[in-house]
Number of protein chains: 2
Amino acid sequence: MRVALAQIDPTVGDIDGNAAKVAEWIGHANGEGADLTIFPELCVPGYPAEDLYLKRHFIEANRRAVEELARGTSGTVALVGFAEPAADGDVRHAHNALAVLADGEVKGVYRKNRLPNYAVFDEQRYFVPGVEGKTIEVAGTWVGLTICEDVWDEVPPASTEAAAGAELIANPSGSPYHRGKGREREEMFAARARAYGAHFAFCNLVGGQDELVFDGQSLAVDPAGELIARAAQFEEELLVFDIPGNAGRVADPLSDLSEVYGALVVGLRDYVRKNGFRHVGIALSGGIDSALVALLAVDAVGPENVSCVVMPSPHSSAETQDDARTIAVNLGCETIEIPIEPAMAAYESSLAESFAEEGGVTAEPLPHDPARPSPADLAAENIQARIRGNLMMALSNRHGWLVLTTGNKSEMSVGYATLYGDMAGGFAVIKDVPKTLVYELTRHRNAEAGRELVPASVLERPPSAELRPDQRDEDSLPPYELLDRILEAYVERDQGREEMIAAGMPAAIVDEVIRMVDRSEYKRRQAAPGIRITPKAFGRDRRLPITNRFGG
Amino acid sequence: MRVALAQIDPTVGDIDGNAAKVAEWIGHANGEGADLTIFPELCVPGYPAEDLYLKRHFIEANRRAVEELARGTSGTVALVGFAEPAADGDVRHAHNALAVLADGEVKGVYRKNRLPNYAVFDEQRYFVPGVEGKTIEVAGTWVGLTICEDVWDEVPPASTEAAAGAELIANPSGSPYHRGKGREREEMFAARARAYGAHFAFCNLVGGQDELVFDGQSLAVDPAGELIARAAQFEEELLVFDIPGNAGRVADPLSDLSEVYGALVVGLRDYVRKNGFRHVGIALSGGIDSALVALLAVDAVGPENVSCVVMPSPHSSAETQDDARTIAVNLGCETIEIPIEPAMAAYESSLAESFAEEGGVTAEPLPHDPARPSPADLAAENIQARIRGNLMMALSNRHGWLVLTTGNKSEMSVGYATLYGDMAGGFAVIKDVPKTLVYELTRHRNAEAGRELVPASVLERPPSAELRPDQRDEDSLPPYELLDRILEAYVERDQGREEMIAAGMPAAIVDEVIRMVDRSEYKRRQAAPGIRITPKAFGRDRRLPITNRFGG
């Protein structure tokens, strides 16, 4: 039997466009002589379509699209993911399902048994589980049907399908990326294949959807757990192989840093494209974060579609401003320069009277004690960031840009960012990238280019927000190496203070970091979405209350 | 048997504080001679504590607090809500549970059978269901235990507990408010009581938690479905009654508008208090929305803790500015006045060069066609709103205020608000209040005061954002009466265009409203949280993708 895995990039909600893409790829698969073509999970409505799945007319529209698709299907048997209205007609009762299309008809439907409801997944909000497996015969080979989560534990239906004689377990998926996820998947599939003595074929989505990136990397393993085919990461591909017989293409996996970088590029590119933008704007400070965002933007949409805005203040050093201009020139982007001093002066005089008054209590979360500015100084610092945010948004309104924000995960964690200031923008490309990884990715991209796209001075200068004279991040924050270790434990692994201290992290700094993270929840709630690259990102993945007295 | 319902307002995450409050109220209940005292669902850890429930050390801390509470409990039997670690030690396996405290011990535990995972509820993310009921004997009466959702359908365990002889079904709850929810509950409890021939006692949380308000209104019904006790809405109360025998206090329910108003006041008051603020700031425009927010703020935290900021521009009319000042005076609040013209001039000159350039595509969602401003005009309008946002945040930094935003649900729906401008602030008090209800609530509060706290001119003037000369909302938007009807169908009831048009709504306007709502999702994602008062609010309750081509 010849199997094709159609690793496609559908768009959430674009039912007609997605169905047309499935029809087109069925044509490609027929061109390759495929007996069976596997499409990803929920590829007709798009995934995750969130509360669209609760709209009765949305479910009906995707069902009609699948029936229409079936009428045009000949040659290959196609497994196509859709949301099936449940028999009882209750809009809350849809199945995450797989239609078996062959000879102009929907020959059968498999309904996902195991609905993940953790991390970024809310499938029990949308779907009711199927309760049985389904096995079909294709070109004389028995194929067991599953969807994504169904095979992550050693449970039915895959176990029962294999026991009933399935030689291939098909596993269409919408398996979101995080760093190293591909290896986890390959180990899991190899273990299942050996346990059940069957082939496994995993066909994943590819592309970005809001916070998520699907990395593709579809694959097949034989009953010995050996990899017999692997598709590219972050690109559409039709991966073809035979069972038994010819192995397919086995794409080399990307290196660790190339993989993370690739996830960020495709996540950004798809957000721009799928939301109807063409051009992005970036406030380039001369620091490492905005430098990395500019690199990613140029790789995602091309230098002609990236505008860099340099907005010096009296606290900006000539060196950082020069570095900003150099980066824009190296990348071949437009540079716009707008000093912010006139607006600073206007605010200062407008606020003089109210600021002179005594009184009031201080409640806005503040950075680390030693360098904690006075309320008036904090206000002045934030105004600078907010003027820049306003200018970026004005340029966005005027020129139709998507503004990219440049905050990294370390800053987003501790609230070292100004709401409505540097946090102003539509997409937060590196919000899940810890500061230490920002350095690694920038060095990596320079190395790939074989030249200093980002000047060494940017990589070597101590990080600073440059909102007051001689300010350095490490006056207000622990060293980033330590901060990122604590944040990984606290944010990504939900460890408590005792556990972190027992692991050797300094108690006083642990307490301070916990305090900063907890007190910044209100800021994160108003942050732009960004691309998840770690096992736990801010957003749908980590849902903490703002009002929260726990402290740890 | 004497029963006490301890309708308390715990704080999420404040395990020690909540346990201390439970101990104190056990004392009150003993003072009333209660045999059985029922506390609300999950009152020790707080509800909803969201991903705090995934932290192993959080679950352990709440378990220890319950054991400590038990040691101090004598006299009454107390039912206390907590998150019970499951026997297998997996952090994802906690139960939403009820501890039976008596004579210094935890005598038993009931585990919630039915875990809601729709609307604002994510309980299947956090808990594993219990699989059996539990009946205890208190003062010679058999009491069946349930938690909230357990009794909303006619299913076990309540049905089996009643069949096994329970004369009273205890139902500790965390049942969030929406308009008219109290009546829905009373009808449900009356139906259950008659169906099972048992008393029901519902003890609800009271108070605000981020987006949610719990309205209290705890109650008891007898086996004929007759109400025998009802507690106040929006206040803590110990409600005592006897079974069989003396009915308890039956509080009069608030009128429809008083109820909504009360929900907004308590939601705001608790957000301020529980987040450690004392003082709030409001940008008062002279329009109806900020007027209502000022009324609510004064009722929530007192006029001495409310600062009103008037920020005229050259487009502000003298009448609206006078109305703003009048409202602040009527309410007894401080008024701060800061003209925005100097900052407008600074931005205009800074941006002149970049704005003169041609090119760019327009992508920011724009209002309704007829009055659609040019990109440059839109930018200029947004700058005014953003200057005001910056000034409010600067005053917040300087004086420690919580800034309240003033957008209503109609505006939040169609994106008729400026991100980082009038949307800048920590709490969006009326974001779930449709514009037509904003008028009703303001008139209602004036009537209650017996004088025009908000001048009639504010209620009568056609709504305008006053960002350009002679601007009126209805140049860009359908009349609010019609808009609110369409929004209720589309946002709250998930109707599609065909259904709305079939119900008599004009097709062209329906299409335009759908487009505006869908295209504003990115703005709402960056909005401050606000208080849910309808059956479907923006936020946890309505989870739509930003990247979404469905269009309906």
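Because the structure is a prediction, the values reported are computed rather than measured.

A. Main features of the overall build of chain A. Helix and strand content of chain A: 18 helices and 19 strands. Relative to a compact globule of 552 residues, whose C-alpha radius of gyration would be 24 Å, chain A shows 26 Å and is just as compact. Structurally, chain A occupies a C-alpha span of about 80 × 50 × 45 Å along its principal axes. With 552 residues in all, chain A has 59% of them scored as buried. Long-range contacts, defined here as pairs at least 24 residues apart, represent 70% of the contacts in chain A between residues at least 6 apart.

B. Layout of the relation of the copies chain A and chain B. Least-squares fitting of chain A to chain B yields an RMSD of 0.0 Å, with the superposition described by an axial translation of 0.0 Å and a rotation of 180 degrees. Taken together, the rotation angle and the small translation identify this as a two-fold axis. Considering only C-alpha atoms, the part of chain A nearest the rotation axis is Gln526 of chain A, at 2.0 Å. Same-surface contact between copies: 100% of interface residues of chain A are shared with the interface of chain B.

C. Quick peek at helix 9 (residues 341-356) of chain B. If you check helix 9 of chain B, its first and last C-alpha atoms are 21 Å apart, about what 16 residues at 1.5 Å a residue would give, namely 22 Å. In the structure, helix 9 of chain B departs most strongly from a straight axis at Ser350 of chain B, where the bend amounts to approximately 40 degrees. In this fold, the buried residues of helix 9 of chain B make contact with helix 9 (341-356) and helix 10 (375-399) of chain A together with helix 10 (375-399) of chain B.

D. Structural context of the domain arrangement of chain A. Residue and element names in this part refer to chain A. We note that the domain assignment places domain 1 (2-247) and domain 2 (260-352 + 363-461 + 470-477) within chain A. In this assembly, 9 residues from domain 1 lie in contact with 8 residues from domain 2. If you list the elements that add at least two residues to the side of domain 1 that touches domain 2, you get strand 10 (206-209) and strand 11 (212-215). Classifying every residue of the side of domain 1 that touches domain 2 by side-chain character gives 3 nonpolar, 4 polar and 2 charged.

E. Focus on the sheet that holds strand 8 (residues 168-173) of chain B. All names here are of chain B. Strand order in the open sheet made by the 6 strands is 6-7-8-9-12-13, with mixed pairing throughout. Each end of this open sheet is capped by a strand with a single partner; those strands are strand 6 (134-138) and strand 13 (227-230). The mean angle between the axes of side-by-side strands here comes to 20 degrees, regardless of whether they run parallel or antiparallel. Here strand 8 pairs with strand 9 (residues 199-204) via 6 bridges, running parallel.

F. Layout of the interface of chain A and chain B. Listed per partner, the contact involves 83 residues of chain A and 84 residues of chain B. With 17 residues, the single largest contributor to the side of chain A that touches chain B is helix 10 of chain A.

G. Region of interest: the packing of helix 6 (residues 256-274) of chain B against helix 12 (residues 435-449) of chain B. Residue and element names in this part refer to chain B. Where helix 6 contacts helix 12, the two axes come as close as 10 Å, and the packing angle between them is 100 degrees. For the element pair helix 6 / helix 12, the angle class is roughly perpendicular. On the side of helix 6, the interface is formed by Leu257, Val260 and Tyr261, while helix 12 contributes Glu440, Leu441, His444 and Arg445. Classifying every residue of the contact of helix 6 with helix 12 by side-chain character gives 4 nonpolar, 1 polar and 2 charged.

H. Spotlight on the sheet that holds strand 18 (residues 402-405) of chain A. Residue and element names in this part refer to chain A. One open sheet accounts for 5 strands, arranged 17-16-15-18-19; its pairing is parallel. Strand pairing shows two members of the sheet lacking a second neighbour, strand 17 (334-337) and strand 19 (427-428), which therefore form its edges. Bridging between strand 18 and strand 19 involves 2 bridges; their strand directions are parallel. Looking at the pairing, Thr405 lines up with Ala428 of strand 19. Along the sheet face, helix 8 (residues 318-331) touches strand 16 (306-310) and strand 17 and points at about 170 degrees away from the line of strand 16.

I. Quick look at the pairing of strand 16 (residues 306-310) of chain B. Residues and elements named next belong to chain B. Counted residue by residue, strand 16 has 5 buried out of 5 residues, so it is predominantly covered. Burial of strand 16 is two-sided: the residues Val306, Cys308 and Val310 facing one way and the residues Ser307 and Val309 facing the other way are all buried. Taking the sense of rotation as the criterion, the β-α-β connection linking strand 15 (residues 280-283), helix 7 (residues 288-301) and strand 16 turns out right-handed. Here strand 16 pairs with strand 17 (residues 334-337) via 4 bridges, running parallel. The residue of strand 17 that forms the bridge with Val310 is Glu337.

J. Spatial organisation of the packing of helix 9 of chain A against helix 10 of chain B. At a closest axis distance of 11 Å, the pairing of helix 9 of chain A and helix 10 of chain B adopts a crossing angle of 40 degrees. By the angle class used here, helix 9 of chain A and helix 10 of chain B are oblique. In terms of crossing hand, the pair formed by helix 9 of chain A and helix 10 of chain B is right-handed. Only Asn390, Leu391, Ala394, Leu395 and Arg398 of chain B of helix 10 of chain B make contact with helix 9 of chain A, whose side of the interface consists of Tyr347, Ser350, Leu351, Ser354 and Phe355 of chain A. Taken together, the residues of the contact of helix 9 of chain A with helix 10 of chain B sort by class into 6 nonpolar, 3 polar and 1 charged.

K. Spatial organisation of the nonpolar core. Formed by 361 residues in total, the largest nonpolar core has its most connected members in Val80, Ala294 and Ala297 of chain A together with Val80, Ala294 and Ala297 of chain B. Once residues lying within four places of it in the same chain are set aside, the contact partners of Ala294 of chain B are Ile282, Leu284, Val306, Cys308, Ile327, Leu331 and Cys333 of chain B.

L. Highlighting the environment of Leu254 of chain B. All names here are of chain B. Examined against the element boundaries, Leu254 turns out to sit in the loop between strand 14 (237-242) and helix 6. For the pair Leu254 and Ala232, spaced 22 residues apart in sequence, the C-alpha to C-alpha distance is 8.9 Å. Setting aside residues no more than four positions away along its own chain, Leu254 makes contact with Gln233, Glu259 and Gly262.

M. Spotlight on unusual backbone geometry. Residues Ile243 of chain A and Pro244 of chain A are joined by a peptide bond in cis, for which omega reads -15 degrees. Locating Pro244 of chain A in the fold gives a position in the loop between strand 14 (237-242) and helix 6 (256-274). Residue Pro156 of chain B is joined to Pro157 of chain B through a cis peptide bond whose omega torsion reads 10 degrees. Positionally, Pro157 of chain B belongs in the loop between strand 7 (141-145) and helix 4 (158-163). The phi dihedral of Asp494 of chain A is positive, around 55 degrees, even though this residue is not glycine. Within the element layout of this structure, Asp494 of chain A appears in the loop between helix 15 (480-492) and helix 16 (497-502). For Asp494 of chain A, a count of 18 C-beta atoms within 10 Å gives the class partly exposed. A positive phi angle, close to 55 degrees, is found at Asp103 of chain B, a residue other than glycine. By the C-beta count within 10 Å, which is 10 here, Asp103 of chain B ends up exposed.

What counts, and where the lines are drawn
- Residues numbered from 1 in each chain as written.
- Chains lettered and ligands numbered in written order.
- Predicted model: local features only at pLDDT ≥ 70, side-chain atom pairs only at ≥ 80, totals over all residues.
- Helix = DSSP H or I, 4+ residues; strand = E, 2+ residues; numbered from the N terminus.
- Rg over C-alpha atoms; globule rule 2.2 N^0.38 Å.
- Buried ≥ 20, exposed ≤ 12 C-beta atoms within 10 Å, placed from the backbone.
- Contact = placed C-beta atoms within 7 Å.
- Least-squares fit on C-alpha atoms with pLDDT ≥ 70 in both.
- Expected span 1.5 Å × (residues − 1).
- Bend = angle between axes of the 7 residues up to and from the residue.
- Domains from an automatic or database assignment.
- Nonpolar A, V, L, I, M, F, W, Y, C, P; charged D, E, K, R; others polar.
- Pairing = 2+ DSSP bridges.
- Axes fitted to C-alpha atoms, helices over the stretch in contact; angles between N-to-C directions.
- Parallel < 35°, antiparallel > 145°, perpendicular 65-115°, else oblique.
- Right-handed = clockwise from strand over helix to strand, strands pointing away.
- Left-handed = near helix turned anticlockwise from the far one by under 90°.
- Core = buried A, V, L, I, M, F, W, Y, C linked by C-beta atoms within 7 Å.

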